[in-house]
Amino acid sequence: MNKRITFLLIALGVSAHGWAQDEGDALRYSRLTTGGTARTQAIGGAAGSLGGDVTAAHVNPAGIGFFKTSEVVFTPGFYFRNNSASYLGSNADESKSGAMLGNAGIVFGIPTQKNNSKWRNLAFSLDYNRLADFNNTFRLNGVNTTTSYTDRWVQDLNNNGNPIPFDNATIDYPLGASLALNTYLIDAELDPNGNLTEYFSGVPIGAAGIQQQAIIKEKGGQNEFSLALGGNYNDQWYMGASLNFPTLRYERTRTFAEDDLSGDTNNDFSYFEHTEHLKTDAVGFNAKLGAIYAPMPSLRIGAAFHTPTWYSMRDQSTARVQVDTEGYQPDGRSERWQDTEELLDGYPVEYEYNLKTPWRALGSVSYIFGTNADVSQQHGFITADVEYVNYAAAKYKFNKGAASDREFADRLNQSIENMYKSTVNVRVGGEMKFTVLAVRAGFAYYGDPYENSTVDASIKKISGGVGYRNRGFFADLTYVHTLAKEAYQPYYLRDAAVAPATIDMSGGAVMATVGFKF
């Protein structure tokens, strides 16, 4: 058998210690905000009933049916984020910025050739849209007087009072506990007969506590490629459907460190660092169906349904532990380190699995100022979307491993069901048009997905922008400001509470859309 597969089976066949998936990953890939063109972003992402924008393919594809001509659009952007984390009474700030591509697409409007047909036109679109941006950085810093990060590994190895055999413990946990054991950060207690009784941490907390620090760096994004078809029946009914192929890439590097604050240089501990790297790639599929009814030229009512997205996922995980035990090692060394690849013949821990994200339902209404449905005669509009999504419905499926895989998936899915809940998201916006110029504003509220949370984890977006349209050319410029708060759990223990960090997140994005009609 290939060595890579052999070590992969060793890493995955014992228990959940070889897996990197958790409830937070399911939420990350399920909690989407509306991306799209700068115009759609400026009105809060409310694209459920307005129509006439390529973003409709990802919200309500019936909006594609409003196109009677063809156009191509391109939307680059720039983001910046600022995070302030409060952990164990201390604060730490971090920032992140960079460029992005928010949207690019083409729409082909196809007028009906038959004069007596009530089908006025069809439209077909090909479009790329940014669903979520993962690029972020935050830092934690605080003094802990009750628990150590290493306690989680001790719990794994002690296995509820049935300690893992020492030889297994040195290799079966390649992302954490085995690395700590092999570098003497964790050690084994033996009885007088040399039998293993328990594992214990080498981190002495003491009265002064230990300094805990972490930095988490994330990058990547969630994108969707869409094929949409929309039709216009008698300028009253607009219907559409889209087939969508989302992709995602997520990378996270987290370094968690603890330092001795006792001042004792003979207590066999100075510091340790645990650095873990996760890379996730996925491709998926979903479909969206929608309709818009215009009982009069000034009023539009929309409804849409999004199927779940079925993702095929692949993770690659590695970790490294570096420790200074002040000479507490058989060879007298103080510093020692070990990487995952050293245990797995040079390879990372790899795993393939499936994730199903929740379905969504959307209702929308738009009011057009003026009585003429011709866009060139409109003076403005107001629009609003209400979206329902149940985050507790996300499901993992680990179907390529042993029975322990299925058992872990069941436990994880039950935890997701207990941890999350359904929410209602609201997006509102409006535009005022002055001949060839327009001004826009919007607001979006994405509800708190947690069943029980120490903070309000809702997301709020405030947006505004300007636009220019004349002679087949249009350009839009938008700024979106985001406010959010999150409770971040640095580690979990079965027999003790671990204080979460509270992260205040704020930031902005500037997007510009350039488009041509043809």
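Residues numbered from 1 in each chain as written. Predicted model: local features only at pLDDT ≥ 70, side-chain atom pairs only at ≥ 80, totals over all residues. Heavy atoms only, no water.

**Comments concerning the nonpolar core**
Here comes step 1: Formed by 45 residues in total, the largest nonpolar core has its most connected members in L140, W153, L185, I186 and F272.
Here comes step 2: Looking at this core element by element, the count peaks at four residues for helix α7 (residues 177-182).
Here comes step 3: If you look at the next biggest cluster of nonpolar residues, it comprises 29 residues, including Y391, Y396, L412 and Y450. (Core = buried A, V, L, I, M, F, W, Y, C linked by side-chain atoms within 4.5 Å. Buried < 20%, exposed > 50% of the residue type's maximum accessible area, 1.4 Å probe, protein only. Helix = DSSP H or I, 4+ residues; strand = E, 2+ residues; numbered from the N terminus.)

**Some thoughts on unusual backbone geometry**
Here comes step 1: Backbone geometry at N160 places phi at a positive 55°, although glycine is not the residue there.
Here comes step 2: One non-glycine residue, R471, adopts positive backbone phi at about 55°.
Here comes step 3: By the element assignment, R471 lies in the loop between β19 (459-470) and β20 (473-488).
Here comes step 4: Owing to a relative accessible area of 79%, R471 belongs among the exposed residues under this scheme.

**Some points on the packing of aromatic side chains**
Here comes step 1: Per the counting criterion, the structure on display carries 30 aromatic pairs.
Here comes step 2: The interplanar angle of 55° and the centroid separation of 5.4 Å between the aromatic rings of Y128 and F225 together place this pair among those described as tilted. Taken as a pair, Y128 in strand β3 (residues 119-133) and F225 in strand β7 (residues 210-233) lie far apart in primary sequence, 97 residues in all.
Here comes step 3: Taken together, the aromatic side chains of Y149, W153, F256, F269, F272 and Y491 make up a single cluster linked through ring pairs.
Here comes step 4: For R28, the ring lying beneath its charged end belongs to Y29, and the centroid distance is 5.5 Å.
Here comes step 5: Geometry around Y250 places R28 over its ring, the cationic atom sitting 3.9 Å from the centre. (Phe/Tyr/Trp six-rings, centres within 6.5 Å; stacked < 30°, edge-to-face > 60°. Lys NZ or Arg CZ within 6 Å of the ring centre and 35° of its normal.)

**Let's talk about the side chain of Q222**
Here comes step 1: Along the chain, the position of Q222 falls in strand β7.
Here comes step 2: You can call Q222 buried: its relative accessible area is 0%.
Here comes step 3: From its side chain, Q222 meets the backbone oxygen of Y29 in a polar contact 3.0 Å long.
Here comes step 4: What Q222 contacts, discounting residues up to four positions off in sequence, is R28, Y29, L32, N129, R130, L131, A132, F134, T247, L248 and Y311. (Polar contact = N/O pair within 3.5 Å; in protein donor to acceptor, adjacent residues only side chain to side chain. Contact = heavy atoms within 4.5 Å.)

**A word on the environment of A394**
Here comes step 1: Structurally, A394 can be placed in the loop between β15 (380-390) and β16 (395-397).
Here comes step 2: Sequence separation between A394 and A26 is 368 residues, and the spatial gap between their C-alpha atoms is 6.4 Å.
Here comes step 3: The residues contacting A394, other than those within four sequence positions of it, are A26, S30, K356, P358, N413 and I416.

**Observations regarding the confidence of the model for the chain**
Do not read the fine detail of predicted coordinates wherever pLDDT is low.
Here comes step 1: Predicted confidence across the chain gives a mean pLDDT of 90, with 93% of residues reaching 70 or more.
Here comes step 2: Taking the mean pLDDT of every element in the chain, the minimum, 35, falls on helix α1 (residues 3-12) and the maximum, 97, on strand β10 (residues 299-306).
Here comes step 3: Contacts from residues 1-17, a stretch scored under 50 in pLDDT, to residues over four places away or in other chains number 34 contacts. (pLDDT = per-residue confidence, 0-100.)

**Side note on helix α9 (residues 403-419)**
Here comes step 1: Between its first and last C-alpha atoms α9 spans 24 Å; for 17 residues at 1.5 Å apiece the expected length is 24 Å, and the two agree.
Here comes step 2: Listing the buried residues of α9 in full gives S404, D405, F408, A409, L412, N413 and I416. The arc that holds the buried residues of α9, viewed along the axis, is 165°, so those residues lie on one side. (Expected span 1.5 Å × (residues − 1). Arc of directions from axis to C-beta.)

**What about the pattern of salt bridges?**
Here comes step 1: In this structure the tally under the stated criterion is 21 salt bridges.
Here comes step 2: Where R39 meets E431, a salt bridge forms, and the shortest distance between an N and an O atom there is 3.4 Å. Within this pair, whereas R39 is found in helix α3 (residues 38-42), its partner E431 is found in strand β17 (residues 422-434), the two being separated by 392 residues in sequence. The exposure classification of R39 matches that of E431, with both residues buried.
Here comes step 3: Where D235 meets K68, a salt bridge forms, and the shortest distance between an N and an O atom there is 3.8 Å. In this pair, D235 sits in the loop between β7 and β8 (237-260) while K68 sits in the loop between α4 (56-59) and β1 (71-87), placing the two residues 167 residues apart along the sequence.
Here comes step 4: Overall, the relative accessible area of 31% leaves D235 in the partly exposed class.
Here comes step 5: Note on K68: relative accessible area 46%, which makes it partly exposed.
Here comes step 6: One network of salt bridges, in which partners are shared, links R39, E431, R440, R469 and D476. (Salt bridge = Lys/Arg side-chain N within 4 Å of Asp/Glu carboxyl O.)

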